[in-house]
Amino acid sequence: MMLQPPCRVLVIDDSALVRQVLSELLAADPGIEVVGTAADPLLAREKIKRLNPDVLTLDVEMPRMDGLAFLENLMRLHPLPVVMVSSLTERGADTTLQALALGAVDFVAKPKLDVVRGLEAYAEEIRSKVKMAARSRVRASASLQRRPLATSSASPGFGFRTTDRLIAIGASAGGTEALRVVLETMPADAPAVVLTQHLPASFSTAFAERLDKHSAMSVREASDGEAILPGHAYLPAGGRHLRIIRDGARWRCRVDDTAPVNLHKPAVDVLFNSVAQNAGANAIGAILTGMGEDGARGLLALKQAGAPTLAQDEASSVVWGMPGSAVRLGAVDEIVPLERIAERLLALARS
């Protein structure tokens, strides 16, 4: 059996300590070879040419040229898989979401205090994300592919009735941009949408605001007990699960702080299982790009409850982990490219 060569990583960070710790953590995995480090993007450019890495880890906030400007140039001229290392601050959240929009594959959050011990706790996550990034599909800068908001092809005035339909969508790596693409094509009166995207707690507010800016729907963080309305999309507040519950003729959000599921909180399976139970055949489920298999079993529960189910296709996914798992499980009715998912969801909601 052919053994895959280790993926070659270049670590870019202005802190000598972080460069050292990250290099050691990554090199401890036989599937990873750290080919070099760079203290800033200008040095990194030379090393990319010379060392030809498969993956970069890139600190978002850096001297001499900020990480975002560097990333934008890189994605235009020499697209490579990039895992951002960002701080868990509000500004970090905003910058990281911009980095993902520019084409970074994923990110890990750098602990605020005691970086060394904090990064060691993240070791497994960093290694798995770097190895996943090496196998991911990298796109040229997404800012070059922006479409206008809610294009006219999503003809206005769907006339959806109150609680007719509920659309449930789950995503992980690559999902912050995939969800934007889906929601920006939805009309203002689309059926209600409930979403779960794997994100750290401090990122959810910035993410909800970003999606809201790009969509004709009203996108917000769900509050516990609020009624689910058409024309609205609901995300769980950071680090909590979102479920839906039935309350007479309507659905409500249940946001709770129970234990992680599949190592995730929020978990897609938690959302999908609750939708299967409480909306059944009135729901439509879609699973988008992401690492691992969270959401696959929940999507199967939706299908078994009579809901039509979609998965993003492999060619348009940054990582075909979650959709691929759902397909293998027999949970998926249709495999659809990202740019057609919104139109299929709306067509199914009408039928």
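Just above, that's the structure.
Here the residue index of a chain counts from 1 through its sequence in written order. Local features in this predicted model are restricted to residues of pLDDT 70 or higher, and side-chain atom pairs are both shown and tallied only at a pLDDT of 80 or more, whereas totals for entire chains, interfaces and linings draw on every residue. Side-chain numbers come from the whole structure's heavy atoms, not from hydrogens or water.

Visitor: Would you explain the sheet that holds strand β12 (residues 283–287) in this entry?
Guide: Strands belonging to one sheet form pairs held by backbone hydrogen bonds; the direction of such a pair is parallel or antiparallel. DSSP bridges decide pairing: two strands pair if at least two such bridges lie between them. Working definition: helices are DSSP H or I runs of at least four residues, strands are E runs of at least two. Numbering for both runs from the N terminus. With parallel pairing, seven strands are arranged side by side in an open sheet as β8-β9-β7-β6-β12-β13-β14. Either end of the sheet is taken by a strand with one partner, and the two such strands are β8 (218–221) and β14 (334–336). Taken pair by pair, the neighbouring strands of this sheet meet at an average axis angle of 20 degrees, ignoring direction. Where β8 meets strand β9 (residues 232–235), four bridges bridge the pair, whose relative direction is parallel. By the bridge assignment, glutamate 221 is partnered in β9 with leucine 235. Every residue pair with non-hydrogen atoms within 4.5 Å of one another is taken to be in contact. In this description, a line fitted to the C-alpha atoms serves as the axis of each element, helices being fitted only across the stretch in contact, and the angle between N-to-C directions of two axes falls anywhere from 0 to 180 degrees. Lying on the sheet, helix α7 (residues 175–183) is in contact with β6 (166–171), β7 (192–197), β8, β9 and β13 (309–312); it crosses β7 at an angle near 170 degrees. Against the sheet, helix α9 (residues 268–278) makes contact with β6, β7 and β12, and its axis sits at roughly 160 degrees relative to β6, the strand it touches most.

Visitor: Even after reading the chapter, I still don't get the pattern of salt bridges, so can you show me in this structure?
Guide: Two side chains carrying opposite charge are able to pair once their charged atoms lie near each other. Whenever a carboxyl oxygen of Asp or Glu lies within 4 Å of a side-chain nitrogen of Lys or Arg, that contact is scored as a salt bridge. This model, assessed by the stated rule, comprises 19 salt bridges. A salt bridge links lysine 49 to glutamate 46; its shortest N-O distance comes to 3.9 Å. With lysine 49 and glutamate 46 both in helix α2 (residues 41–51) and three residues apart, this pair spans about one turn of that helix. We classify glutamate 46 as partly exposed; its relative accessible area is 45%. Burial classes: relative accessible area under 20% of the type maximum marks a residue as buried, over 50% as exposed, and values in between as partly exposed (1.4 Å probe, protein chains only).

Visitor: Honestly, the sheet that holds strand β2 (residues 32–38) in this entry has me stumped. Any pointers?
Guide: Read from one edge to the other, the open sheet built from five strands follows the order β2-β1-β3-β4-β5, with strand pairing classed as parallel. Each end of this open sheet is capped by a strand with a single partner; those strands are β2 and β5 (106–110). Averaged over all pairs of adjacent strands, the angle between strand axes in this sheet comes to 25 degrees, irrespective of strand direction. For strand β3 (residues 55–59) and strand β4 (residues 82–87), the ladder comprises four bridges, and the chain directions are parallel. Note on β4: the bridge partner recorded for aspartate 59 is valine 85. Together, β1 (7–12), β2, β3, β4 and β5 form the strand contacts of helix α1 (residues 16–27), whose direction differs from that of β2 by roughly 170 degrees.

Keep in mind that these numbers describe shape and distance, not what the molecule does.
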